[in-house]
Amino acid sequence: MSQIGPGFLALPPRSRKPRADGLTHVLDKGMSFHALESLIQTAGDCIDIVKLGWGTAYVSDGVKAKVALCRSAGIHVSPGGTLLEICDQQSRVDDYVRWMHRLGVTHVEVSNGALRMDVDHKRALIRRLSMDFTVLSECGSKNPQVDVVADAWVDEMRGDLEAGATLLIAEARESGTVGLYLPTGEVRADLVEAILAHLPASQVIFEAPRKDQQAWFVRRLGPVANLGNISASEVIALETLRLGLRSDTVDLLPAVDGTEHREWPEIAAHAAVPFTH
């Protein structure tokens with residue numbers, strides 16, 4: 001733990017990078033190098049992972065420079081899983097791997113939510129790629145018509161960890177209206193509780209693009225919630241939610257001089273390891 005801001009306020013504990021939990025996973029929809037540089041100057045200490053969404057890495061200039069910039073700030077970069085799904089469908093995974101090495105990318109996302117890849121094949125990809133990269137496995141369909149079954153999510157997540165994934169991403173898309181959420185954006189609390197009951201919270205990134213969703217997870221897990229698909233413009237706003245510096249979570253501030261506060265919840269008692277892979 002280290003001092004946050006000027007240091008005169010009593011705030012919830014918040015670790016500094018490299019963090020074991022409380023990860024902020026940012027969605028890059030095609031930022032320029034200079035936009036990313038500006039974001040890192042303002043919020044670099046709050047960002048742990050930048051995801052080059054969908055197939056944006058394939059059509060963007062300057063990706064290698066962006067990867068190097070993030071590395072210098074202690075931020076990992078991962079392309080979106082949809083791009084790998086397409087590469088796999090077109091039998092271009094070897095080309096993808098060589099390209100990742102040329103870019104200096106050390107983290108990749110493996111998903112099966114866009115093209116409905118078979119789970120066994122997904123795990124074979126995880127095993128293959130984990131030999132060269134840190135693998136983030138995304139679970140859940142991007143199709144709102146697909147039924148959400150908590151047991152199936154838990155089984156897939158467990159199997160992906162056993163196959164070699166380091167982190168799991170619970171799907172919600174940029175809209176926050178599928179997977180973890182109902183079409184209204186409301187959290188599927190039963191699904192979240194099933195995940196937390198069977199998997200280490202420190203290894204699950206919950207996609208939460210909307211402020212109300214972020215606040216829900218901070219209230220459920222505290223500052224240690226791993227949250228993903230955060231827009232670049234919302235990184236600092238999320239940090240204020242984590243620290244009780246916003247009305248949605250201000251009641252979670254530590255007690256000072258007899259003031260009342262809510263205790264942070266107990267979460268999975270698995271030892272958390274800093275995400276430095």
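Our subject is the structure listed above.
Residues numbered from 1 in each chain as written. Predicted model: local features only at pLDDT ≥ 70, side-chain atom pairs only at ≥ 80, totals over all residues. Heavy atoms only, no water.

(A) Representation of the nonpolar core in the model. In this structure, Y96, M157, L180, I195, F206, F217 and L227 are the most contacted members of the largest nonpolar core, which totals 67 residues. Looking at this core, the element that brings in the most residues is helix α5 (residues 93–103), giving six residues. Ignoring any residue separated from it by four or fewer positions in sequence, one finds M157 in contact with C139, L168, A170, I195, L199 and V204. In terms of nonpolar packing, the next biggest core, distinct from the first, is built from six residues, L23, L136, L167 and I205 among them. (Core = buried A, V, L, I, M, F, W, Y, C linked by side-chain atoms within 4.5 Å. Buried < 20%, exposed > 50% of the residue type's maximum accessible area, 1.4 Å probe, protein only. Helix = DSSP H or I, 4+ residues; strand = E, 2+ residues; numbered from the N terminus. Contact = heavy atoms within 4.5 Å.)

(B) Region of the structure containing the pattern of salt bridges. One pass over the structure, following the stated rule, counts 21 salt bridges. K142 serves as the salt-bridge partner of E138, at 3.3 Å between the closest nitrogen and oxygen. The residues E138 and K142 share a single accessibility class, namely buried. Put simply, K51, E109, E138, K142, E171 and E207 are held in one network by salt bridges that share partners. (Salt bridge = Lys/Arg side-chain N within 4 Å of Asp/Glu carboxyl O.)

(C) Quick peek at the side chain of D48. Here D48 lies in the loop between α1 (33–43) and β2 (49–52). Within the local environment of D48, its side chain forms a polar contact with the backbone nitrogen of T24, the two atoms lying 2.8 Å apart. In this view, D48 contacts K17, R19, G22, L23, T24, G74, I75 and H76; residues no more than four positions away in its chain are not counted. (Polar contact = N/O pair within 3.5 Å; in protein donor to acceptor, adjacent residues only side chain to side chain.)

(D) Main features of α5. For α5, every residue scored as buried is listed here: V93, Y96, V97, W99, M100 and L103. Within α5, the buried residues cover an arc of 165° as seen down the axis, which keeps them to one side. Buried-residue contacts for α5 involve α2 (56–59), α3 (63–72), β3 (76–79), α4 (81–89), β4 (107–110) and α6 (119–129). In the segment just after α5, G104 is the residue with positive phi, at about 85°. (Arc of directions from axis to C-beta.)

(E) Structural view of the packing of aromatic side chains. Tallying each qualifying case throughout the model produces three aromatic pairs. Ring centres of Y58 and W99 lie 5.8 Å apart, and the angle between their planes is 85°; on these two criteria the pair is classed as edge-to-face. A residue pair is termed long-range when its members are at least 10 positions apart, and Y58 in helix α2 and W99 in helix α5 qualify at 41 residues. For Y58, a relative accessible area of 62% corresponds to the exposed category. The class for W99 is buried, based on a relative accessible area of 17%. (Phe/Tyr/Trp six-rings, centres within 6.5 Å; stacked < 30°, edge-to-face > 60°.)

(F) Representation of the layout of surface pockets. Quantified by volume, the largest pocket comes out at close to 430 Å³. Together, 26 residues line the largest pocket, and G140, S141, V146, W153 and E156 are the ones closest to its centre. Contributions of two or more residues to the lining of the largest pocket are made by α6 and α7 (150–163). It is α7 that provides the largest number of residues to the lining of the largest pocket, a total of four residues. A breakdown of the residues in the lining of the largest pocket according to their chemical character gives 13 nonpolar, seven polar and six charged. (1 Å grid on protein atoms, 1.4 Å probe; cavity = no way out; pocket = protein on both sides within 12 Å on 5 of 7 lines; lining within 4 Å. Points joined across faces, edges and corners; volume = space filled by probe spheres on them. Nonpolar A, V, L, I, M, F, W, Y, C, P; charged D, E, K, R; others polar.)

(G) Examining empty space enclosed by the protein more closely. Applying the stated criterion to the full structure yields one cavity of 30 Å³ or more. Put simply, the largest cavity is a space of about 100 Å³. Lining the largest cavity are 13 residues, and of these K51, W54, K142, R173 and N229 sit closest to its centre. Among the residues making up the lining of the largest cavity, the classes are represented as two nonpolar, four polar and seven charged.

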